[in-house]
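What follows is each chain in one-letter form.
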Amino acid sequence: CRFLKAMGAEITGEGTEQITVYGRQGKRLLSGCRYRVPGDRIAAGTYLLMGAATRGHLTLSGAPLDEMGAVLSLYQKIGGQYTRKSGTLVADSKNVQHAVPYVETEEYPGFPTDLQSVFLAAEASGTGESQIRETVYEARFEAAVRLASFGADVSVHGDTAIIKGRYPLLPGVVETPDLRGGAALLVAALSADGLSVVSDRGHLKRGYEDIGRDLRILGADIEENIL
């Protein structure tokens, strides 16, 4: 909506349950504009949860904080602390240890299905027991089964996964099943104590600009050929 409006489109209802778009008949056509592509809340949430799984400290510039309310709420519940200012998120996960008893995915602005696998992996590397119910996408538990390669205690019952956390996880050798499942397996590998191998056939490169580069910036020990 913001991009189209910058080009001259008439749109109302942005941010509500009903958006109205007005046609251009009899009016000038859309024009070119300069527009900065905003940060991706799923990418930002992925890095935030990777920090949680490794008990790390990170700063995310340009994170779409207004769109991350559900993720940040869960982050606090597991013990994470953060500050936000002018689009910059500073997160400290040194006290992350609590399991969230129950989480379910929802349509925006609720907890996104695209972060379900990633959060599941973060919980698997924590302590305590939690349940995650998938209500949006029925084939989202591919990564849950593969987390067993890292010693994770995860069982799937219909649309719900039950996780019993352990920290740290064990090194593993796995292949990514899909985009978000691949990110979840990276979470497990990062939190494992030792060398892990995550084979990917392009899923991660499709969903993240350069996740290997970003994780190395954050201090992860990742070889480029693994990704």
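Residues numbered from 1 in each chain as written. Predicted model: local features only at pLDDT ≥ 70, side-chain atom pairs only at ≥ 80, totals over all residues. Heavy atoms only, no water.

**Notes on helix H2 (residues 41-54)**
Working note: α-helix, 3.6 residues per turn, so residues spaced by three or four point in the same direction.
Argument step 1. Helix length check: H2 (14 residues) gives 20 Å between terminal C-alpha atoms against 20 Å at 1.5 Å per residue, within 8%.
Argument step 2. Counting buried residues in H2 gives 13 out of 14 residues, a clear majority hidden from the surface.
Argument step 3. At the N-terminal boundary of H2, the capping side chain belongs to Asp-40, with an oxygen 3.2 Å from the backbone nitrogen of Ile-42. (Helix = DSSP H or I, 4+ residues; strand = E, 2+ residues; numbered from the N terminus. Expected span 1.5 Å × (residues − 1). Buried < 20%, exposed > 50% of the residue type's maximum accessible area, 1.4 Å probe, protein only. Polar contact = N/O pair within 3.5 Å; in protein donor to acceptor, adjacent residues only side chain to side chain.)

**Some thoughts on the nonpolar core**
Argument step 1. Core analysis: the biggest nonpolar cluster contains 60 residues, and Phe-119, Leu-120, Leu-147, Phe-150 and Val-154 have the highest contact counts within it.
Argument step 2. Looking at which element gives the most residues to this core, the answer is H2, with 9 residues.
Argument step 3. Apart from the residues lying within four places of it in its own chain, the contact partners of Val-154 are Leu-120, Ala-124, Ala-144, Leu-147, Ala-161, Ile-162 and Ile-163. (Core = buried A, V, L, I, M, F, W, Y, C linked by side-chain atoms within 4.5 Å. Contact = heavy atoms within 4.5 Å.)

**Observations concerning the packing of H2 against helix H4 (residues 116-124)**
Argument step 1. Relative orientation of the contacting elements H2 and H4 amounts to 10°, with a least axis distance of 9 Å. When the axis of H2 is compared with that of H4, the two are roughly parallel. Residues Thr-46, Leu-49 and Ala-53 of H2 touch H4, and the partners they reach there are Val-118, Phe-119 and Ala-122.
Argument step 2. The residue makeup of the contact of H2 with H4, split by class, is 5 nonpolar, 1 polar and no charged. (Axes fitted to C-alpha atoms, helices over the stretch in contact; angles between N-to-C directions. Parallel < 35°, antiparallel > 145°, perpendicular 65-115°, else oblique. Nonpolar A, V, L, I, M, F, W, Y, C, P; charged D, E, K, R; others polar.)

**Overview of the layout of surface pockets**
Argument step 1. A volume near 580 Å³ is recorded for the largest pocket.
Argument step 2. As for the largest pocket, its lining consists of 21 residues, of which Ala-43, Tyr-47, Leu-60, Ser-61 and Asp-214 are closest to the centre.
Argument step 3. Where the lining of the largest pocket is concerned, the elements lending two or more residues are H2, strand S3 (57-61) and helix H8 (211-217).
Argument step 4. Put simply, the second largest pocket is a space of about 410 Å³.
Argument step 5. Taken together, 18 residues line the second largest pocket, and the ones lying closest to its centre are Arg-2, Pro-64, Asp-66, Glu-67 and Tyr-108.
Argument step 6. For the lining of the second largest pocket, a count of residues per class yields 9 nonpolar, 4 polar and 5 charged. (1 Å grid on protein atoms, 1.4 Å probe; cavity = no way out; pocket = protein on both sides within 12 Å on 5 of 7 lines; lining within 4 Å. Points joined across faces, edges and corners; volume = space filled by probe spheres on them.)

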